[in-house]
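# Structural characterization, general
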Amino acid sequence: MFKKILIANRGEIACRVIRTARAMGIKTVAVYSDADARAKHVELADEAVRLGPPPASESYLLADAIIAACKQTGAEAVHPGYGFLSERTSFAEALEAAGIAFIGPPPNAIAAMGDKIESKKLAKQAGVNVVPGFVGEITSTDHAVEIANGIGYPVMMKASAGGGGKGMRLAFSEKDVRENFESVKREGLASFGDDRVFIEKFIESPRHIEIQVLGDKHGNIVYLGERECSVQRRHQKVVEEAPSPFVTPEMRKAMGEQAVALARAVGYHSAGTVELIVSGADTTGQGFYFLEMNTRLQVEHPVTEYVTGLDLVEQMIRVAYGEKLAFTQDDVKLTGWAIENRVYAEDPYRGFLPSTGRLVRYRPPAASENVRIDDGVTEGAEISMFYDPMIAKLITYGDTREAAIDRQIDALDRFEIDGIGHNVDFLSALMQHPRFREGRLTTGFIAEEYPEGFTGAPTGEGLTARLAAVAALIATEDATRAHAIDGQLNGRTPAPTRWVVKLDGAEHQAEVAGDAVTVDGTAVVVDAPYIPGQRLVEAIVDGEELAIRVERRRTGAWRFTTRGASHALSVLPPRIADLSHHMIEKVPPDLSRFLLCPMPGLITAIHVKAGDRVEAGQPLAVVEAMKMENILRAEKAATVARVAAAPGESLAVDAVILEFE
């Protein structure tokens, strides 16, 4: 077995590979950019080598620097993780030429599957179902319009070398093609160095389902079941699960056999994923089509590990060393259910805009046999604009799908993240959504269920009274401590036991007598151990566990976050509550006459100048963040009074771009 391997990646996947290598008795080498000098993966590895400045093009994408690091440290093999160089043929070839093992598939398989156009041709030859579309070279926007009209709308335009949701646009009309075709080309060129685009039919009621394959260098290839990845936002996966609630055993066998046939056709070994688009409207189970093959480990691989009992990273290392698979297809059994949620640095309350900055507080839920956290950050770490905004992956397991979902909700409530925006509330809301729990999923699930954006999960039945009861207990505990301070002018007076709790616009009368709490005349049984200043309260209310993140805003004012929503509360003694009704509310300033930068990013284009008249929906500026172009449009008709930014400027969130008259 290898004695030492280098991980050519960063973040949670680098930490993930290091953990398995350590368990196998293999030494590890981390590489890092200047932005990651104190990162978690650097601390975990046995050795670390600097690559260069923060931009990936000057560090993690430098194949020569990584090979030099291998030679410097004596690393015998490289695990590429995912992203960066993981699917770059030239990197695998360069390692081979240097006598360094690549913990991944052979270069010819990467080349064959890395080109989405050529891969579809190969898939068709291997007997794999493919989506109707045009897989030749598209020469111009007019040519793209001609092709789209011939296929029939809706169509999907994709960068040939794309992935991770970049370089993809859905077109419902000729206007959409004309407006977005060049943008797809630019994103493909900027992110992957390839501006070729292909167009294919968009499948109605589509589900995104993928098959995990694993092969060795001796011709043995198996499939390890499927993963449901339909819950996506802007073509980026948000929730993944294994198995799929839609797939039958017969469908799984058909999909798996086609995936193995494709892998065999390109001489595949190591772990890989065949992605399929599946018609949710086709009850025959035959409506599945090849999308692409990812010739690497997937972000969502932990759900497959849970239901199969296999460590995919270990299998990849053993295959790269030349070992045969220790099991056959008949040995693969799927047991239980696993769900993965991606915790991102993005603000769902502001249109999911990326959030960068320092993790002032980061406390993930406790790991257990059924709860797994894969992360690559620590408290105090920086979420950089240079890399993917993932904070952590939360994976839960249960005997049933419902059990795995409920564990997700409980664990999400126990995340403590401060300093940046994050999507924990949104993920919890998804887990509670009736349609998700029923398994009625499509790739349009989020857009369909949250057309106006996300404002928090609906408050469940009885939750308001439970929150009010916990708030009264916390207020009593705080007041008891405050009243115990010596030297007060009026002496030590008893702490209040009666409270007016204002929650979500309604007032509730609460009274605390020892451990008993009454809310609006109804007894609530509460056990909520609390010490003043505590950030997370783990209570048992009426026999049910309830974890609440608590934040004190000012005297008598709190914010409680639980079950996918934040709740502003005021908890005041009755007399003070009466007087508070006379306080004048502070009105926020009117910012409607400004176009503000919605996220930290780079201004790549401004389409107007001072004095221009603009109409609702008209493109005004383009902001690039995380290598994605975001077109900012006018919300209403107006005249531009001032242009406050210029192309090439890096702006902070809420920086002024334009001012209107």
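Above this text sits the structure in question.
Residues numbered from 1 in each chain as written. Predicted model: local features only at pLDDT ≥ 70, side-chain atom pairs only at ≥ 80, totals over all residues. Heavy atoms only, no water.

### Description of the overall build of the chain
- The helix and strand tally for the chain stands at 17 helices and 39 strands.
- Here the chain has a C-alpha radius of gyration of 27 Å; the compact-globule value for 661 residues is 26 Å, and the two agree.
- Overall, the chain is about 85 × 65 × 55 Å in size when its C-alpha atoms are taken along their principal axes.
- Taken across its 661 residues, the chain has 54% of its residues classed as buried.
- Nonlocal contacts in the chain, meaning residues at least 24 apart in sequence, comprise 64% of its contacts between residues at least 6 apart.
- In the form shown here, the chain has an accessible surface area of approximately 28400 Å², with 51% of it arising from carbon and sulfur atoms.
- Each charge class in the chain can be summarised by its mean position, and for the 72 positive and 92 negative side chains these summaries are 2 Å apart. (Helix = DSSP H or I, 4+ residues; strand = E, 2+ residues; numbered from the N terminus. Rg over C-alpha atoms; globule rule 2.2 N^0.38 Å. Buried < 20%, exposed > 50% of the residue type's maximum accessible area, 1.4 Å probe, protein only. Contact = heavy atoms within 4.5 Å. Areas by Shrake-Rupley, 256 points an atom, 1.4 Å probe, with all protein chains shown as cover. Lys, Arg positive; Asp, Glu negative; His and termini not counted. Charge placed at Lys NZ, Arg CZ, Asp CG, Glu CD.)

### A word on the sheet that holds strand β5 (residues 101-102)
- A sheet is described by the order of its strands in space; here five strands give the open sequence β3-β2-β1-β4-β5, paired in parallel fashion. Edge positions in the open sheet fall to β3 (47-52) and β5, since each of these has one partner strand only.
- By the bridge criterion, four bridges tie strand β1 (residues 4-7) to strand β2 (residues 27-33) in an arrangement that is parallel. Opposite Lys4, over in β2, you have Lys27 as the bridge partner.
- Across the sheet, helix α1 (residues 11-23) lies against β1, β2 and β4 (77-79), angled at about 170 degrees from β1, the strand it touches most. (Pairing = 2+ DSSP bridges. Axes fitted to C-alpha atoms, helices over the stretch in contact; angles between N-to-C directions.)

### What to know about the pairing of strand β11 (residues 221-233)
- Burial analysis of β11 places 13 of its 13 residues in the buried class, which makes it a mostly covered element.
- Relative to β11, strand β10 (residues 206-215) runs antiparallel, the two sharing six bridges. Residue Ile209 lies in a different strand from β11, and its bridge partner there is Glu228.
- In this structure, the hairpin formed by β10 and β11 is closed by a connection of five residues, where Gly219 is found at a positive phi of approximately 90 degrees.
- With antiparallel pairing between neighbouring strands as the criterion, β11 and strand β12 (residues 236-242) make up a hairpin whose turn holds two residues, including Arg234 at a positive phi of roughly 55 degrees.

### Examining the nonpolar core
- Counting 39 residues, the largest nonpolar core has Val231, Tyr362, Ile391, Phe415, Ile417, Leu430 and Met431 as the members making the most contacts within it.
- Counting residues per element, the ones that place at least two in this core are β12, β15 (337-344), β20 (371-375), β22 (390-398), α12 (401-412), α13 (424-432) and α15 (445-449).
- Looking at this core element by element, the count peaks at six residues for α13.
- Phe415 has contacts with Val343, Tyr362, Arg363, Pro364, Pro365, Ala392, Leu394, Val424 and Arg549, leaving out every residue within four places of it along the chain. (Core = buried A, V, L, I, M, F, W, Y, C linked by side-chain atoms within 4.5 Å.)

### Points about the packing of aromatic side chains
- Applying the stated criterion across every chain yields a total of 12 aromatic pairs.
- Relative to Tyr387, the ring of Phe84 has its centre 6.5 Å away and its plane inclined at 90 degrees; by these criteria the two rings are edge-to-face. Residue Phe84 is found in the loop between β4 and α4 (89-97), and its partner Tyr387 is found in the loop between β21 (382-383) and β22; the two are separated by 303 residues along the sequence.
- Residue class for Tyr387 comes out buried when judged on its relative accessible area of 5%.
- A ring pair is formed by Phe352 and Phe426, whose centres lie 4.8 Å apart and whose planes are at 75 degrees; its orientation type is edge-to-face. Taken as a pair, Phe352 in the loop between β16 (346-347) and β17 (353-354) and Phe426 in helix α13 lie far apart in primary sequence, 74 residues in all.
- For Phe426, a relative accessible area of 1% puts it in the buried group.
- Among the aromatic side chains, those forming a connected cluster through ring pairs are Tyr349, Phe352, Phe426, Tyr450 and Phe454.
- The ring of Phe436 carries the charged tip of Arg401 above its face, separated from the ring centre by 4.7 Å. (Phe/Tyr/Trp six-rings, centres within 6.5 Å; stacked < 30°, edge-to-face > 60°. Lys NZ or Arg CZ within 6 Å of the ring centre and 35° of its normal.)

### As for the sheet that holds strand β25 (residues 506-513)
- Taken in spatial order, the eight strands of this closed barrel run β24-β25-β26-β27-β28-β29-β30-β31, and their pairing is antiparallel. Adjacent strand axes in the sheet meet at a mean angle of 35 degrees when their direction is disregarded.
- Relative to strand β31 (residues 565-572), strand β30 (residues 557-562) runs antiparallel, the two being bridged by six bridges. Along β31, the bridge assignment pairs Phe560 with His567.

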